Structures are given as structure tokens and as C-alpha cells.
Amino acid sequence: MRVTIADVAREAGVSKTTVSRVLNTKADVDATTAARVREVIGALGYVPSSGAVGLARGRSRTVAMLTPPLTWPWMGEVLQGVVDTVEAAGYGLLLFTCNRGAESVDHFTSQVSARAFDGLLVIEPENTLDTITAMHRRGLPVVLIDDRGHHPEFPSVATTNREGGASAARHLLAAGRTRPLVATGPAGFGCVRDRTDGFLDVLPHALVLEGEFTEASGRQAVERALGDGQPFDSVFAHNDLIAAGVLRALRDAGRGVPDDIAVVGFDDIPMARHTAPPLTTVRQPMREMGETAARLLLARLGGEAIPDEPVVLPTELVVRGSAPDG
């Protein structure tokens, strides 16, 4: 059962108005009483709903966003889409990042009640889904961006990762490339499984090497394949950072791109236009993902019904010099 503000008031021996004033950090509450109320909030796991957060001042007209570190290369585009949408609706945005892993998540959890925001947007940091789901079950509206294949019980926005992988494979096959190397991200990510499965639907005999979403991982994949004597005429990298490492390793090994080996990335971050040669890649609509998720959350806060199924936005192959048309 969802914990309510009345439950907190009863347990703390105060009125609902007093609880609300503590949530809204009003200065006219005795310090000892405020401390007792916060202790009860923590013990009960109370998360204020958008309606309950404001007996003293009304709704906060603020949403929060929880993200991995902002060093992720496409994070800025998603965040800009969110900011544009919530500000246009007259809302503010509180940003929480998980730069310190579990410590950051603990800090965020402790601030949920005190911050009194109306809803939460999430680009899921690792190992946080259970915590976020518990907050949602207690009444906090949540929308997930970049669903990693977990299919949670709250709304989410994702892209066509499987079709994106398939489009990369079809493009390479049309260019006569039949011995691809696939340099993946970590297999625990749903998008990694989808991109790999889509690619293998078209080119089932690809050499698949698991790695990380880093430039170093791309270099290591190429060095490993070359060192093992594995023949390949193309590379599908699961993001553009991996692809940048692939390009560097091929250049260092004296392999020409695209003449010897064609390279396709994923994401279409700004760097993709400036590699040598410019990178063919599968574009994810990052800003649109942020905008769509923010619109879903604002609609939910406005009392509208929103879809239970993930909203899936299309990917698009962008052809450049690293893998031109055949």
C-alpha cells in the first residue's frame, strides 16, 4: 500500500499541514519537530505525490531528472530536449547525476522528499531500477528514457535499436561486405542485445566481440581480431566512441577505410562528422527522446492518461565516408 502524508502525520504525532511545511522546508516549524518528521518520512519510505507536496505552497512545478555522469557523449542532446520542453511549460528542472555510483543514488534517495518535485525523468544509472520502481509505487510519477530492455511498470521512451542494427547490416551487405566484425557494448544492456540481434538477422556469421562503450574498447576489438588472424572486411561498432577507436586501430595497422574495411557506428554524436573519414552511423534522435519523455511526464502531471507501452522512436542510417553506398 502506498504511504500517504496522513500516515506520516499520524506516526510523527503532528498535523498534515506540519508535514507539508517540513516537505516545503518552511522555517516556522520547530527544529525538533522537523527532525522527527524527516525521520518518520525516511522510516516509512514516503514519497510525496504531486498533489500532496504542497498543502503550504501548492505544487512545486518542478520535475527532477536522474542521469548517469554527464560525460556520456549523447547526454547533452537528451538533456537539452528535456530542458526546452519543461521550461516551455513553466516548470523548473532539478538535475541529479550518478557520478559517485551508489553514494550518488543514496544522496538522491534522501533528497526525494525534501526536494518536493512533482515527477521524475530517468536515464537509468546502473543498478537503480529497483529503487526507482519503489518510488513510483509510492506515488512518484516516473518516465524512463532509453529503456535498456527491462520494460519497467512505468512509461518509457526508447529507439528502434534492433532495426538500427539491421539497417547497418543491410547497408554493409549491399556494399558487398560479408565478413563483418561487431564491436559491442556490455551485454547486460538491452540496447546491446537488440543491436546485435538486428545485425545478426541480416549477417548471421559476423564475428561478435563484447566490450565497453569506449574508444579504447574499439581499438582493442580490432587489435584482437587482427592478432587472432580473424578475417573481416567491415566493422559495426555499437556506438560512435567505439567506432572512433576502430578507425584509429585500423589506421595504425595500415588498413584503409573504407577501401579495405568499412566502418559503421551508432548514435550520430557530433564527433561522427569529424572523424577521418567521416563516420557512417545509425542516428538516434537524442533530443527528441528528451522532448518526448518530458511531454509524457508533464501530461501525467496534468492528469492525462499516457501509454503503458514504451514510446519507440525511429533510428536512421546516416551514410558518410567510412562506409559509402555500394
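Our subject is the structure listed above.
It should be emphasised that the depicted structure is a prediction, and the values quoted were computed from it without experimental measurement. (Residues numbered from 1 in each chain as written. Predicted model: local features only at pLDDT ≥ 70, side-chain atom pairs only at ≥ 80, totals over all residues. Heavy atoms only, no water.)

1. Quick notes on the pattern of salt bridges
Inspection of every chain in the model, using the stated rule, returns 11 salt bridges. Here Arg-10 makes a salt bridge to Asp-7, at a shortest N to O gap of 2.6 Å. With Arg-10 and Asp-7 both in helix H1 (residues 5-12) and 3 residues apart, this pair spans about one turn of that helix. Here Arg-10 falls in the exposed class, since its relative accessible area comes to 60%. (Salt bridge = Lys/Arg side-chain N within 4 Å of Asp/Glu carboxyl O. Helix = DSSP H or I, 4+ residues; strand = E, 2+ residues; numbered from the N terminus. Buried < 20%, exposed > 50% of the residue type's maximum accessible area, 1.4 Å probe, protein only.)

2. Considering the sheet that holds strand E7 (residues 207-210)
The strand order across the open sheet formed by 6 strands is E7-E6-E8-E9-E10-E12, and the pairing between neighbours is mixed. Here the strands that pair on one side only, and so sit at the sheet edges, are E7 and strand E12 (316-318). The sheet shows a mean angle of 20 degrees between the axes of neighbouring strands, taken without regard to direction. Pairing geometry for strand E6 (residues 180-184) and strand E8 (residues 234-237), over 4 bridges, is parallel. Bridged to Pro-180 within E8 is Ser-234. On top of the sheet, helix H8 (residues 190-202) reaches E6, E7, E8 and strand E9 (262-267); it is set at about 170 degrees to E6, its chief contact. Relative to the sheet, helix H10 (residues 240-252) contacts E6, E8, E9 and strand E10 (280-283), its axis offset from that of E9 by approximately 160 degrees. (Pairing = 2+ DSSP bridges. Axes fitted to C-alpha atoms, helices over the stretch in contact; angles between N-to-C directions. Contact = heavy atoms within 4.5 Å.)

3. With respect to the environment of Ala-6
Along the chain, the position of Ala-6 falls in helix H1. For the pair Ala-6 and Val-19, spaced 13 residues apart in the sequence, the C-alpha separation amounts to 8.7 Å.

4. Concerning the packing of helix H4 (residues 75-88) against helix H11 (residues 286-301)
Relative to each other, H4 and H11 sit at 40 degrees, their axes nearing to 6 Å. The angle between the axes of H4 and H11 places the two elements in the oblique class. Crossing of H4 against H11: the hand is right-handed. Packed against H4, whose contacting residues are Glu-77, Val-78, Gln-80, Gly-81, Val-82, Asp-84, Thr-85 and Val-86, the element H11 presents Met-286, Arg-287, Gly-290, Glu-291, Ala-294, Arg-295 and Leu-298 at the interface. Looking at the contact of H4 with H11 residue by residue, the class counts come to 6 nonpolar, 4 polar and 5 charged. (Parallel < 35°, antiparallel > 145°, perpendicular 65-115°, else oblique. Left-handed = near helix turned anticlockwise from the far one by under 90°. Nonpolar A, V, L, I, M, F, W, Y, C, P; charged D, E, K, R; others polar.)

5. Here's the deal with the packing of aromatic side chains
Throughout the structure, instances matching the rule amount to 4 aromatic pairs. Ring plane angle 55 degrees and centroid distance 6.3 Å describe the contact between Phe-96 and Phe-117, whose orientation is recorded as tilted. One end of the pair, Phe-96, is in strand E2 (residues 92-97); the other, Phe-117, is in the loop between helix H5 (102-115) and strand E3 (119-123), and 21 residues separate them in sequence. Side by side, Phe-96 and Phe-117 carry an identical accessibility label, which is buried. Here Phe-199 and Phe-236 contribute two aromatic rings whose centre-to-centre distance is 5.0 Å and whose plane-to-plane angle is 10 degrees, an arrangement assigned as stacked. Placement of the pair is Phe-199 in helix H8 and Phe-236 in strand E8, with a sequence separation of 37 residues. (Phe/Tyr/Trp six-rings, centres within 6.5 Å; stacked < 30°, edge-to-face > 60°.)

6. Quick word on the packing of helix H9 (residues 215-227) against H10
Look at H9 against H10: their axes get within 6 Å of each other, and the N-to-C directions meet at 45 degrees. By the criterion of interaxial angle, the relationship of H9 to H10 is oblique. The hand of the H9/H10 crossing is right-handed. Across the interface between the two elements, Glu-215, Gly-218, Arg-219 and Val-222 from H9 touch Leu-241, Ile-242, Ala-244, Gly-245, Val-246, Arg-248, Ala-249 and Leu-250 from H10.

7. Let's talk about unusual backbone geometry
Pro-258 follows Val-257 through a cis peptide bond whose omega is 10 degrees. When you line up the elements, Pro-258 lands in the loop between H10 and E9. With omega at -5 degrees, the peptide bond leading from Ala-276 into Pro-277 counts as cis. The topology assignment puts Pro-277 in the loop between E9 and E10. Notably, Asp-267 is not glycine yet its phi reads approximately 120 degrees, a positive angle. When you line up the elements, Asp-267 lands in strand E9.

8. A look at the sheet that holds strand E4 (residues 142-145)
Within the open sheet, the 6 strands sit side by side as E2-E1-E3-E4-E5-E11. Their pairing is parallel. Strands at the two margins of the open sheet, each flanked by one partner only, are E2 and strand E11 (311-313). Mean inter-strand twist for the sheet, computed between neighbouring axes without regard to direction, equals 20 degrees. Where strand E1 (residues 62-67) and E2 come together, 6 bridges link them in parallel fashion. Note that in E2 the partner of Thr-67 across the bridge is Thr-97. Against the sheet, H11 makes contact with E1, E3, E4, strand E5 (156-159) and E11, and its axis sits at roughly 170 degrees relative to E4, the strand it touches most.

Function cannot be inferred from these measures alone, as they are strictly geometric.
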